[in-house]
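# Survey of secondary and tertiary structure
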Amino acid sequence: MAELSVTDAMLQRGSVRAYTDQPVPADLVNEILELASHAPSGGNVQPWKIYAVTGAVKDQLSQAVLAKAAESPSGDKPDIPVYPNGLSEPWRSRRYACGELMYTALEIGREDKMGRFEQAAKNMVFFGAPVGLIITMDRALCESQMIDIGIFIQSLLLLAQERGLASCPQTSWSMWSGVIRETMDIPENEMVLIGIALGYAAAEAPINHLNQARAQLSDFADLRGF
Ligand SMILES: Cc1cc2nc3c(=O)[nH]c(=O)nc-3n(C[C@H](O)[C@H](O)[C@H](O)COP(=O)(O)O)c2cc1C
């Protein structure tokens, strides 16, 4: 494993949406998850639960979700809203720019509804990654524990990066919470929060080189009393 500073892992990680077939062994998945569990959590409650799927189990999940999507393209009722109704500025423009950058790289025009739908559907096959993670949280917990889960996820993404693995967090999986629970036999008390694609990047794919912009420090940081 190449040594990678936290800074380099932060700067080198990007959402990867095209993968090679190279498998990710269970030991490596377990190692990353175990290390990520050293993430802090309020009261050390460790609210995360992770299902990792590969091979036929992953394919079965994708098939079930794709079949459901063909029937009702707008999705199940998600356990948590993915965005608020009527996303306002500056977040709306950022989200728009994010999508445009991706579709431009793929040469899928704004009028090409089918092209955009097909790209969105690739979420449901984890963009071809050999491993998919589904992260759930018990309904008995509350919003604050989602902060813990966010910290866990970023830890996991950086640990993957350190090991040469690429990833893409995907809230699109939460649109299919019902069919995911049914197919994977996940209890009703667990909310499906997010999926994560995990594998080795198809290095040459243009979609893997988006370099999404970030707001300037002064747009989000307010230092006082220094
Ligand atoms: C919580 C979360 C949910 C996301 N959901 C999706 C998704 O469903 N599909 C997708 O293609 N990318 C998804 N992304 C990736 C974001 O679009 C990406 O992180 C953002 O554009 C910044 O780009 P970067 O990750 O390459 O730095 C998600 C990212 C996060 C953190």
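In case you missed it, the structure is sitting above this.
Keep in mind that this is a model prediction, so the values were computed, not measured.

### As for the site of the ligand
Close to the ligand lie 13 residues, the nearest being Gly14, Ser15, Gln170, Ser172 and Gln212. Split by residue class, the shell around the ligand holds five nonpolar, seven polar and one charged.

### Quick word on the nonpolar core
Judged by nonpolar contacts, the single largest core of 44 residues is most densely connected at Ile135, Leu156, Ile180 and Leu198. Looking at this core, the elements with two or more residues in it are helix H2 (26–36), helix H3 (55–71), strand E2 (131–138), helix H6 (143–162), strand E3 (166–170), helix H7 (177–184) and strand E4 (190–199). Here this core takes eight residues from H6, the largest share from any one element. Once you skip the residues sitting within four places of it in the chain, isoleucine 180 turns out to touch Leu61, Val65, Ile134, Trp173, Ile186 and Val192.

### Side note on the sheet that holds strand E1 (residues 49–54)
Paired through backbone hydrogen bonds, the strands of a sheet run either parallel or antiparallel to each other. The sheet built from four strands is open, its strands ordered E1-E2-E4-E3 with antiparallel pairing. In this open sheet, the two strands that pair with only one neighbour each are E1 and E3. On average, adjacent strands in this sheet sit at an angle of 25 degrees to one another, irrespective of strand direction. Against the sheet, H3 contacts E1 and E2, and its axis sits at roughly 105 degrees relative to E1.

Quick notes on the rules
Residues numbered from 1 in each chain as written. Predicted model: local features only at pLDDT ≥ 70, side-chain atom pairs only at ≥ 80, totals over all residues. Near = placed C-beta within 6 Å. Nonpolar A, V, L, I, M, F, W, Y, C, P; charged D, E, K, R; others polar. Core = buried A, V, L, I, M, F, W, Y, C linked by C-beta atoms within 7 Å. Buried ≥ 20, exposed ≤ 12 C-beta atoms within 10 Å, placed from the backbone. Helix = DSSP H or I, 4+ residues; strand = E, 2+ residues; numbered from the N terminus. Contact = placed C-beta atoms within 7 Å. Pairing = 2+ DSSP bridges. Axes fitted to C-alpha atoms, helices over the stretch in contact; angles between N-to-C directions.

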